[in-house]
Protein chains: 2
Amino acid sequence: MFIAVDAGGTSTRAVAISTAGDVFGYGRSGGGNPTSAGVPGAVAAIGSAVEAAVAGLPTGEVEAVVLAMAGERSDAFFAQLAERIGGLGLGPVVMQPDLLAMFHSGTHRLEGYGMVAGTGSIAARVRDGALHRVVGGKGWLLGDAGSGFWIGHRVARAVVSALDGQGPTTALTPLVLEAVGIADDPAGSAVRRLVSTLYARRPVQLAEFAPLAFAAAEDPVARAILSEAADALADLLTTVREPGLDGPVVLGGSVLVRGFLAGPAELRDRLQLPPEVVTASDGVVGAAVLALRDTGIVVDQDLFDRIRHQLADIVKDRAP
Amino acid sequence: MFIAVDAGGTSTRAVAISTAGDVFGYGRSGGGNPTSAGVPGAVAAIGSAVEAAVAGLPTGEVEAVVLAMAGERSDAFFAQLAERIGGLGLGPVVMQPDLLAMFHSGTHRLEGYGMVAGTGSIAARVRDGALHRVVGGKGWLLGDAGSGFWIGHRVARAVVSALDGQGPTTALTPLVLEAVGIADDPAGSAVRRLVSTLYARRPVQLAEFAPLAFAAAEDPVARAILSEAADALADLLTTVREPGLDGPVVLGGSVLVRGFLAGPAELRDRLQLPPEVVTASDGVVGAAVLALRDTGIVVDQDLFDRIRHQLADIVKDRAP
């Protein structure tokens, strides 16, 4: 038996899974990424999800805890995590890149491409079941073209410029003012209040405006922002594409899945996606695939579907 | 007699000037803007520049202290400043917008336009000797198109993208790596080190890379950034232009003066400047013009030139 964990910025999910692909336990907790939750917070979240997943199970049969997680990991994180997991009678902890788990949440195949556009944006080529080339993921200030921050930042700038009388009037203005609780007023104080409100927040919170661009996708200003974002994401995917290396493109992140894939056909077309596109499911599915494969088990389509369906049923049963 | 003060982010200058336009004293100190220097630091800098300007003069003859300064001013700033200036036997303090002082550092005329592109960017229409419309100045995150931050930010993103293998190779890469003390290396660690170095600094420090774009103006990536910046500044000036309102355009800030005006003709042309362009001189000249005009004195070309030349001589004599 194995424990597979996907530790994300907002939630952490863990499953106990047998080498035959049977799911015996599931646990869920808060954000488990040490960059956003801090080391103690991340360790606590991962520990509590794992503890719930193994509740009532014979922990002696667990061969390893496979953890998929993004970003940098400090020695302090590893030490505290090993202690917490060891305290449950489990171990060792085996790390896997969350981008690879994301890819394998959409496919069991060993070659293809993964692209995520949420708050940030990143793409990878997968070859022989491993990340072969990763591009993007350089954060809101230095990269992440086409991401939620990138779109939301342009939305905010366009609204400030429109209120300032420089840029064109846009349907985004009332949406942004409403989102931050400011009423548009003819005296011109809205722009001052908007500017001081937005500077008082963390820059990355501008990503919250990205859904407004999709909501106003027929507005010329919003459409231009989204078209440029789609071009940037198409360029990101092109950068990792390798001639002759086919396989599915697994897409993840709210900007791609809830934004572009659900949006106007013209915008979707600009992404220049190949025919075989899969939407990422719960990253813990990919972590489970990686856990089984680590032991030499070949995860084929049948086994992959079994894992995915069991987890989908568990998540559905737990929905309020 | 009057004291005219220009309090900027890096230095504060004060002059004692008679209603006939004779300069009797001059003082200089550090940054006097409360936003960057803090209220006590700004009050100390302004106080020390004013104290030096009135040294040996009969303070009873000073009718007012005219202070040109950018940005928001708190009540605490006013209270502490009035106390410090009052302690010198001077007062009252009369505030003037630094953008108007910038305009009048280049011309005595009552109509025209001013545009500054330094770390930020802002433009104004001047009518009847007052700011009639101001556009821009919304800061690095929400505005400042074409500014030093805007250019430096794009320089940093282009270099990160080039090192990441996504964007085109650019002559900016070695310039940026050298500026932050990182050696380019074939193992690919330069991009990681550059990204972590830049995230550890304040975002606005990216403005330091703007001169690198002008230094590499023949490089296609740098040229594209500068062309877009010039277009943004041309658009800013267009926004404040009013048909029928002529007069000079006074340009200030390192990006305009040391960058575009000194750069390739093709870039300068993109600014679409009208025929009559003046470069801003020391903002304290404009503060002096405003101080004299407050008393009803008409500042004509002769008087303007006298003030400007006296101050230029003083600054030259003090140069190391």
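The following paragraphs examine the structure supplied in this document. (Residues numbered from 1 in each chain as written. Chains lettered and ligands numbered in written order. Predicted model: local features only at pLDDT ≥ 70, side-chain atom pairs only at ≥ 80, totals over all residues. Heavy atoms only, no water.)

**Describing the sheet that holds strand 1 (residues 2-7) of chain A**
All names here are of chain A.
Line of reasoning, step 1. Within the open sheet, the 5 strands sit side by side as 3-2-1-4-5. Their pairing is mixed. In this open sheet, the two edge strands, each paired with only one partner strand, are strand 3 (23-30) and strand 5 (93-97). The mean inter-strand angle of the sheet, taken between neighbouring strand axes irrespective of direction, is 20 degrees.
Line of reasoning, step 2. Where strand 2 (residues 11-17) meets strand 3, 7 bridges bridge the pair, whose relative direction is antiparallel. (Pairing = 2+ DSSP bridges. Helix = DSSP H or I, 4+ residues; strand = E, 2+ residues; numbered from the N terminus. Axes fitted to C-alpha atoms, helices over the stretch in contact; angles between N-to-C directions.)

**Some words on the sheet that holds strand 7 (residues 121-127) of chain B**
Residues and elements named next belong to chain B.
Line of reasoning, step 1. Strand order in this open sheet of 5 strands is 8-7-6-9-10, and the pairing throughout is mixed. Bordering the open sheet on either side are strand 8 (130-136) and strand 10 (277-279), each of which pairs with just one other strand. Averaged over all pairs of adjacent strands, the angle between strand axes in this sheet comes to 20 degrees, irrespective of strand direction.
Line of reasoning, step 2. With 6 bridges connecting them, strand 6 (residues 112-117) and strand 7 associate as antiparallel partners. Each bridged residue has a counterpart across the sheet, and for Met-115 the counterpart in strand 7 is Ala-123.
Line of reasoning, step 3. On top of the sheet, helix 10 (residues 220-240) reaches strand 6, strand 7, strand 8 and strand 9 (249-252); it is set at about 25 degrees to strand 7, its chief contact. (Contact = heavy atoms within 4.5 Å.)

**A closer look at the side chain of Ser-227 of chain A**
All names here are of chain A.
Line of reasoning, step 1. If you trace the backbone, Ser-227 turns up in helix 10 (residues 220-240).
Line of reasoning, step 2. For Ser-227, a relative accessible area of 9% translates into the label buried.
Line of reasoning, step 3. Apart from residues no more than four positions distant in its own chain, Ser-227 is found in contact with Leu-267 and Arg-270. (Buried < 20%, exposed > 50% of the residue type's maximum accessible area, 1.4 Å probe, protein only.)

**Here's the deal with the packing of helix 6 (residues 148-163) of chain B against helix 7 (residues 172-179) of chain B**
Residue and element names in this part refer to chain B.
Line of reasoning, step 1. Where helix 6 meets helix 7, the axes come as close as 9 Å, and the angle between the chain directions of the two elements is 110 degrees. In terms of axis orientation, helix 6 runs roughly perpendicular to helix 7. Contact residues: Val-155, Val-159, Ala-162 and Leu-163 in helix 6; Leu-172, Thr-173, Val-176 and Leu-177 in helix 7.
Line of reasoning, step 2. Classifying every residue of the contact of helix 6 with helix 7 gives 7 nonpolar, 1 polar and no charged. (Parallel < 35°, antiparallel > 145°, perpendicular 65-115°, else oblique. Nonpolar A, V, L, I, M, F, W, Y, C, P; charged D, E, K, R; others polar.)

**Some thoughts on the interface of chain A and chain B**
Line of reasoning, step 1. Counting residues at the interface gives 30 residues for chain A and 30 residues for chain B.
Line of reasoning, step 2. Taking both partners together, chain A and chain B bury about 2500 Å²; carbon and sulfur atoms supply 57% of that area.
Line of reasoning, step 3. Its largest share of buried area at the contact with chain B, chain A owes to Leu-141, Leu-142 and Tyr-199 of chain A, together 30% of the area lost on that side.
Line of reasoning, step 4. Summed over the shared surface of chain A and chain B, the result is 2 salt bridges.
Line of reasoning, step 5. Remark: the boundary between chain A and chain B carries 24 residue pairs in polar contact (both at pLDDT 80 or more).
Line of reasoning, step 6. Within the residue set of the side of chain A that touches chain B, elements represented by two or more residues are strand 8 (130-136), helix 5 (139-142), helix 6 (148-163), helix 8 (189-199) and helix 10 of chain A. (Buried area = accessible area lost by both parts, 1.4 Å probe. Salt bridge = Lys/Arg side-chain N within 4 Å of Asp/Glu carboxyl O. Polar contact = N/O pair within 3.5 Å; in protein donor to acceptor, adjacent residues only side chain to side chain.)

**Digging into empty space enclosed by the protein**
Line of reasoning, step 1. Applying the stated rule across the entire model yields 1 cavity of 30 Å³ or more.
Line of reasoning, step 2. Estimated volume of the largest cavity: approximately 30 Å³.
Line of reasoning, step 3. Of the residues in the lining of the largest cavity, the class split is 6 nonpolar, 2 polar and no charged. (1 Å grid on protein atoms, 1.4 Å probe; cavity = no way out; pocket = protein on both sides within 12 Å on 5 of 7 lines; lining within 4 Å. Points joined across faces, edges and corners; volume = space filled by probe spheres on them.)

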